[in-house]
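# Commentary on secondary and tertiary structure
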Amino acid sequence: MFVTTVLRVRHGVVAYGERPVLRGVDLTVHTGDVVAILGANGSGKSTLIRAALGLVPLSGGEIELFGTPLRRFRQWPRLGYVPQRLGAGGGVPATVGEVVAAGRLGRRGWKPATRRDREAVRAAIDAVGLADRTKDPVSTLSGGQQQRTLIARALAGEPELLILDEPTAGVDAASQETFAKALGDFVHGGGSVALVAHELGPLASLITNAVVIHDGVVAHTGPVPPPAGHHADPDHDHVHPHAPGTAPGLWERP
Amino acid sequence: MSIFAYQFMQYALLGTAITGLTAPALGIYLVQRRLSLIGDGIGHVALTGVGIGVLMNKSPVLLATLVAALGAVAVEIIRERSRTSGDIALAILFYGGISGGVFLVALSRTSVNLNSFLFGSPLTISDADMATIVVLGAAILAVCLGLRPWLFAVCQDEEYAKVAGLPVRTLNVVIAITTAVTVTTAMRSIGLLLVSALMVVPVATAQLVTRGFGSTMALSMVLGLASGVAGIVISGPSDTAPGATVVLFAIALFLVVAIGAAGRRAWRRRRMPGEPAHCDPPDVLLSQEGRS
């Protein structure tokens, strides 16, 4: 069967306690799509992908991954998750190679690592340009290099859908370029992407579709809208008042 | 004739060496998820098992293992469920555990010396104790080394492990039960109140000089083993408290390595002055906050 929809959220509702964060959100990612989920801080965009991954329970609506309802979905290796940041690991050092190898475990199962597994890990580290840092502790890397380590960890499992939470937040320009290239290679290899972003930077050219979340609902679906208001100014200082009361369209292109 | 020709000294040496080797192998996972003191809490809970064993005239080690395992799983459930009130629940569990132990032992009207369980009594390890320690020690090493990639993934980033499809809850329970077994295996050699030191201190020492998880684990096991052996070798002839000597030796190693590492850093800085630390230029930082 040829699955054309890799991720579908229908009327997703999420509430933290009494406070609704998502109030009926729809999101569809087709094979080959690169969907940007945009919105201001506090709009609910990260919550949307966390719900899609099963990390936050839905209080209404439904989610399908690769055509299977989330609660029955078991093919986790088809999914690659890139969180916002790397945990500190309690101060216990871990090398880039060790962190990335953890991303292979879902595919590998309980068997000892094969040559194929080791090659996938090496290829993932190569893809993000960190081959020379494989044996270095992740704590010695810059924020952008740590972010690329997390992408490599997701790529090591050879996923079909990458889900990224704020991959460009606080990342230096050079790392963003390498990051955009790794993501581009993944898409050209037939992968699909859903990413949450506050701003797109060098990723903008990859995006096929944008969903703008505002105050827990979808405010816009379609092509990436042009930057609005003072956001069109590349030198604007990036301070946003928090929703509500903020117009949607809070991102920028380089 | 050396005192190490006596069987009780050999048992003391072997029992403490096994504790020194296994405690950091498990402890590294606890340190990694910032639960360094959980071993101490499980030790408190195990004392209730000792009390039940003494009262019912059954093996204190066996019952301590069972009660500690139940306590460790309870801790895991509290950790998983609650974010805010977990602290208080743990305090109640731990102090309930140690009070329960003291209460039950007193109730038994026997002459059982609680100190030997709290601070270890390696010189009185029996044949049966020794067999138990060897078997449980081997099991701990099999879990900590054999499941290393999976346990590392869960302790490093639990949410990621969940999304990767790893059986996170099962692995957490495995860690909890292995913690309980490590605590009771160490009970006869260095004691319930001191075992946590060997879970944490060798790891803390190792990570001062290592660069990866695998090397930290290997070095911490070597340091734990060295502390266990050295503690008995020192305390045997000089008749000092064995468990305390082992722990003090481990802490002394930490201090020596910490001072050495600081000295090495200072020496390097002086040799290569003016080389800036590697960091991102702040002017290209695009956004700091992005949580929603």
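Anything mentioned here points back to the structure above.
All of the points below concern the structure found in this document. (Residues numbered from 1 in each chain as written. Chains lettered and ligands numbered in written order. Predicted model: local features only at pLDDT ≥ 70, side-chain atom pairs only at ≥ 80, totals over all residues. Heavy atoms only, no water.)

### What about the overall build of chain A?
Across its full length, chain A holds six helices and 10 strands. Among the 254 residues that make up chain A, the fraction classed as buried is 58%. Contacts spanning at least 24 positions in sequence make up 69% of the contacts within chain A whose residues lie at least 6 apart. Accessible surface computed for chain A: about 10500 Å², of which carbon and sulfur atoms make up 53%. (Helix = DSSP H or I, 4+ residues; strand = E, 2+ residues; numbered from the N terminus. Buried < 20%, exposed > 50% of the residue type's maximum accessible area, 1.4 Å probe, protein only. Contact = heavy atoms within 4.5 Å. Areas by Shrake-Rupley, 256 points an atom, 1.4 Å probe, with all protein chains shown as cover.)

### Section: unusual backbone geometry
In this structure, Phe66 of chain A takes a positive phi of about 50 degrees despite not being glycine. With respect to the secondary-structure elements, Phe66 of chain A resides in the loop between strand S4 (60–65) and strand S5 (68–69). We note that Arg109 of chain B has phi near 55 degrees; this positive angle belongs to a residue other than glycine. The exposure class of Arg109 of chain B is exposed, given its relative accessible area of 72%.

### A few points about the nonpolar core
One finds Leu162, Leu164, Leu183, Val193, Leu195 and Leu200 of chain A to be the most contacted residues of the largest nonpolar core, which totals 107 residues. Sorting elements by how many residues they give to this core places helix H9 (residues 168–187) of chain B first, with nine residues. Of all hydrophobic cores here, the second largest spans 34 residues; its members include Val25 and Leu53 of chain A together with Tyr160 and Ala164 of chain B. (Core = buried A, V, L, I, M, F, W, Y, C linked by side-chain atoms within 4.5 Å.)

### Some words on the sheet that holds S5 of chain A
Residues and elements named next belong to chain A. The strand order across the open sheet built from four strands is S2-S1-S4-S5, with neighbouring strands paired in antiparallel fashion. Pairing within the sheet leaves two strands with one partner each, and these edge strands are strand S2 (19–30) and S5. Here S4 pairs with S5 via two bridges, running antiparallel. When the bridges of S5 are listed, Leu65 appears paired with Thr68. (Pairing = 2+ DSSP bridges.)

### Details of helix H12 (residues 242–271) of chain B
Residues and elements named next belong to chain B. Given a rise of 1.5 Å per residue, 30 residues ought to cover 44 Å, and the 43 Å separating the end C-alpha atoms of H12 matches this to within 8%. Looking only at H12, the buried set comprises Pro242, Gly243, Thr245, Val246, Val247, Ala250 and Ala261. Contacts from the buried residues of H12 go to helix H1 (7–32), helix H10 (195–206) and helix H11 (213–238). (Expected span 1.5 Å × (residues − 1).)

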